Amino acid sequence: MEQKKYFFAVDLGATSGRTILGSLADGKFELEELTRFDNRLIETGNHFYWDIFALFYEIIAGLKLVAQRGIHIESIGIDTWGCDFVYVDNNGDILRNPLAYRDPHTFGVMEKYFEEKISKEKVYEKTGIQFMNFNSLFQIYAMRKAGNVALENADKILFIPDALSYMLTGNAVCEYIVASTSQILNPMTGDLDNELVESLGLKREQFGKMTNPASIIGTLTEEVQKMTGLNAVPVIAVAGHDTASAVAAVPAKNEEFAYLSSGTWSLMGIETKNAIINEKSYELNFTNEGGIEGTTRFLKNICGMWIYERCRKEWKDEAAANQKDMKCLGYAELIAEAMKQPAFQSIINPDDACFANPSSMVEAIKQYCEKTDQHVPQNYGEFCRCIFESLALRYRQIFTWLKDFADFDLNVLHIIGGGSLNQYLNQFTADSCGVTVLAGPQEGTAIGNIMLQAKASGMVKDIWEMRQIIANSLELKKFEPQDKEAWDAAYEKFLEITK
């Protein structure tokens with residue numbers, strides 16, 4: 001029997017974070033959540049910030065638990081959201097808390113950058129990254145134009161997972177995968193693009209050394225060792241962007257698959273050997289982000305369960321205000337009610353701008369249906385049915401595009417993340433896309449983080465062995481396509497409504 005080895009994963013999202021203890025032995029893994037905590041935006045001085053010091057405190061708290069239990073961990077790995085970053089001065093000190101990607105200071109800046117610096121077409125040609133106003137390129141440019149003092153005094157610029165690793169080890173690196181979300185990295189050269197860096201008034205050396213996943217960043221500083229009670233544990237550069245960690249955990253048998261990371265936001269894509277940067281990918285705003293072992297995650301962002309969650313919150317707020325029973329607003333109850341409704345009464349485009357952040361999501365859906373001469377949902381079930389069917393139809397549209405881009409057959413769609421638990425949406429997705437759907441794992445991000453640490457330790461040799469271990473440790477749920485004619489007709493309606 002192989003000796004069990006333990007790994008410590010930090011998984012930070014834009015609303016909450018966790019520390020997780022993972023173990024691996026005899027070709028199977030186990031997970032234990034140690035701590036869970038809020039990741040709150042701080043609003044002050046007309047800006048929104050992340051509290052990097054509070055996040056560091058929570059990591060230390062998790063490490064203290066490990067020490068108190070006398071568990072020997074092989075390493076530590078950190079994954080977070082992308083795009084945001086921390087400024088460090090020439091004394092090695094952090095210059096104020098980092099601005100959050102939700103801060104409105106980037107509104108309109110993207111267009112100014114194209115006018116004043118480098119054209120939109122050339123930026124995409126260099127990076128292959130989809131255009132979003134909060135990409136690091138535009139955040140830094142907005143700060144430069146605003147005369148941001150932290151930027152002006154920065155010796156180093158570190159993306160969030162790299163900044164936290166720096167606080168643990170004292171070593172500054174630039175992990176490749178999280179850097180690939182910035183729209184500053186050139187996937188053809190595998191490094192930050194000098195022209196883009198210089199357009200921001202910066203130098204390449206202000207960013208850390210480019211580092212690949214499964215590499216050692218350093219060991220815990222003496223200060224951190226004293227704080228936690230641990231020894232000089234190595235800190236590993238995992239796939240720093242949480243979605244990349246989740247994709248690393250897709251239990252695929254071969255390369256002929258697409259993935260759907262399903263949650264508040266959904267990301268659908270394929271894993272390719274090289275970036276796909278051409279006129280069609282530019283037109284459809286697909287993105288090329290770093291993947292494991294030199295691969296590229298060619299994908300597109302989709303609204304995901306955001307619309308459903310916003311509607312549910314409105315209904316709960318309304319019920320609370322009127323002192324009504326909220327039992328009918330449970331997840332199981334809402335889904336059951338949705339399945340009682342007639343199919344395809346109302347269809348929306350989940351990625352329409354009107355659903356980005358309306359004051360009332362319920363009213364936004366009603367107005368969309370009125371505008372497109374459709375049945376306007378009248379009850380909880382009709383709204384939920386509309387949302388789930390529309391998501392599945394949008395998934396089909398993007399899956400169809402992916403089949404055109406891929407130079408291999410797409411024989412299966414793996415759904416990972418929290419949304420993989422929604423069996424009805426999984427079945428709708430299989431029906432709509434006409435492909436076998438395999439659902440799981442739910443905890444893909446943490447699993448991918450831990451598996452990359454295991455690779456760094458020598459317990460696994462490559463991504464395919466990682467994926468085999470994950471498949472051996474889980475029971476995936478399979479969904480086969482049904483009702484082809486009905487979904488084909490609904491898709492034609494979707495294309496007509498959304499053109």
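Residues numbered from 1 in each chain as written. Predicted model: local features only at pLDDT ≥ 70, side-chain atom pairs only at ≥ 80, totals over all residues. Heavy atoms only, no water.

**Re the UniProt feature "domain: Carbohydrate kinase FGGY C-terminal" (unreviewed entry) in the protein**
Per the UniProt record, the feature "domain: Carbohydrate kinase FGGY C-terminal" (unreviewed entry) sits at residues 258-456. Helix makes up 45% of residues 258-456 and strand 16%, and the two end C-alpha atoms of the span are 26 Å apart. (UniProt positions renumbered as here; feature names shortened; annotations may be inferred. Helix = DSSP H or I, 4+ residues; strand = E, 2+ residues; numbered from the N terminus.)

**Focus on the pattern of salt bridges**
Summed over all chains, the structure comprises 26 salt bridges. For Arg18, the salt bridge goes to Glu33, with nearest N and O atoms at 3.6 Å. One end of the pair, Arg18, is in strand β2 (residues 16-25); the other, Glu33, is in strand β3 (residues 28-38), with 15 residues separating them in the sequence. Note on Glu33: relative accessible area 39%, which makes it partly exposed. Among the ionic pairs, Arg467 bridges to Glu271, the shortest N-O distance being 2.9 Å. Remark: Glu271 occurs in strand β16 (residues 266-272) and Arg467 occurs in helix α18 (residues 463-473); sequence separation between them is 196 residues. (Salt bridge = Lys/Arg side-chain N within 4 Å of Asp/Glu carboxyl O. Buried < 20%, exposed > 50% of the residue type's maximum accessible area, 1.4 Å probe, protein only.)

**Quick notes on the UniProt feature "domain: Carbohydrate kinase FGGY N-terminal" (unreviewed entry) in the protein**
UniProt annotation of "domain: Carbohydrate kinase FGGY N-terminal" (unreviewed entry) refers to residues 6-247 when read in the numbering used here. End C-alpha to end C-alpha, residues 6-247 measures 22 Å, and it is 33% helix and 29% strand.

**Some points on the pairing of β3**
Here ten bridges tie β2 to β3, and the two strands are oriented antiparallel to one another. Bridging from a neighbouring strand, Ala25 pairs with Lys28 of β3. The antiparallel hairpin formed by β2 and β3 contains two residues in its connecting segment, where Asp26 sits at a positive phi of about 55°. (Pairing = 2+ DSSP bridges.)

**Quick word on helix α2 (residues 109-116)**
What α2 keeps buried is the set Val109, Met110, Tyr113 and Phe114. Mapping the buried residues of α2 onto a view down its axis gives an arc of 145°, with all of them on the same face. Structurally, α2 contributes buried residues whose contacts are with α3 (120-127), α4 (136-146) and α8 (194-199). (Arc of directions from axis to C-beta. Contact = heavy atoms within 4.5 Å.)

**Let's talk about the nonpolar core**
Of all hydrophobic cores here, the largest spans 127 residues; its most connected members are Tyr87, Tyr113, Ile307 and Ile365. Among the elements that line this core, the one with the most residues is helix α15 (residues 380-405), at 14 residues. Discounting chain neighbours no more than four positions away, the residues touching Tyr113 are Ile118, Val123, Leu137, Phe138, Tyr141, Leu196, Ser199 and Leu200. One finds Ala14, Ile60, Ala100 and Val224 within the second-largest nonpolar core, a separate group that totals 40 residues. (Core = buried A, V, L, I, M, F, W, Y, C linked by side-chain atoms within 4.5 Å.)

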